[in-house]
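Coordinates in review
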Amino acid sequence: MAAQSLGLVTVASAGTKVRATSTQSDPTARIGVQALQFQVRPANTGLIYIGTSALDKSTGAGVLAVLPVPASGTTGAFASAAFSEVNAPAGMNIADFYIDSTVNADGVFVSYTVQ
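Attention in this report is confined to the structure presented alongside it. Note that this is a predicted model, so its numbers are computed, not measured.

**Observations regarding the pairing of strand S4 (residues 35-40)**
Here S4 shows one buried face, formed by Leu36, Phe38 and Val40, and one open face, formed by Ala35, Gln37 and Gln39. Where S4 and strand S7 (residues 80-84) come together, 5 bridges link them in antiparallel fashion. In the strand pairing of S7, Ala35 is matched with Ser84. Relative to strand S10 (residues 107-114), S4 is paired through 6 bridges, and the arrangement is antiparallel. Paired with Gln37 across the strands is Ser111, a residue of S10.

**Here's the deal with the sheet that holds S10**
Here 4 strands make up an open sheet; going across it, the order is S1-S10-S4-S7 and the pairing antiparallel. Each edge of the open sheet carries a strand with a single partner, namely strand S1 (2-10) and S7. The mean inter-strand angle of the sheet, taken between neighbouring strand axes irrespective of direction, is 15 degrees.

Thresholds, definitions, all that
- Residues numbered from 1 in each chain as written.
- Predicted model: local features only at pLDDT ≥ 70, side-chain atom pairs only at ≥ 80, totals over all residues.
- Heavy atoms only, no water.
- Buried < 20%, exposed > 50% of the residue type's maximum accessible area, 1.4 Å probe, protein only.
- Helix = DSSP H or I, 4+ residues; strand = E, 2+ residues; numbered from the N terminus.
- Pairing = 2+ DSSP bridges.
- Axes fitted to C-alpha atoms, helices over the stretch in contact; angles between N-to-C directions.

Listed below in structure tokens is the structure:
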């Protein structure tokens, strides 16, 4: 397996979800992966929501995980959420995951593994 990174994905305007692949030249392009992880940015000051295209943090629809503010911006702990499809090497599409936040410009680091 090879680990890869999409880097830091930020939510410019809280309440406006962004694709986990927003750092890519074509955010809608399929990136098939076996495992996927979202880790909070150390400087975050609000909650991060990870979900599907139906993500609505006010109702909870489409929410898969909620990540808290780091305990400390320098020493963590830095919360993360991980998803995997053990029996399907490219079974998940990162472009199907979305991120929202409660504070403008908060974000997550997105990493994944492919087989």
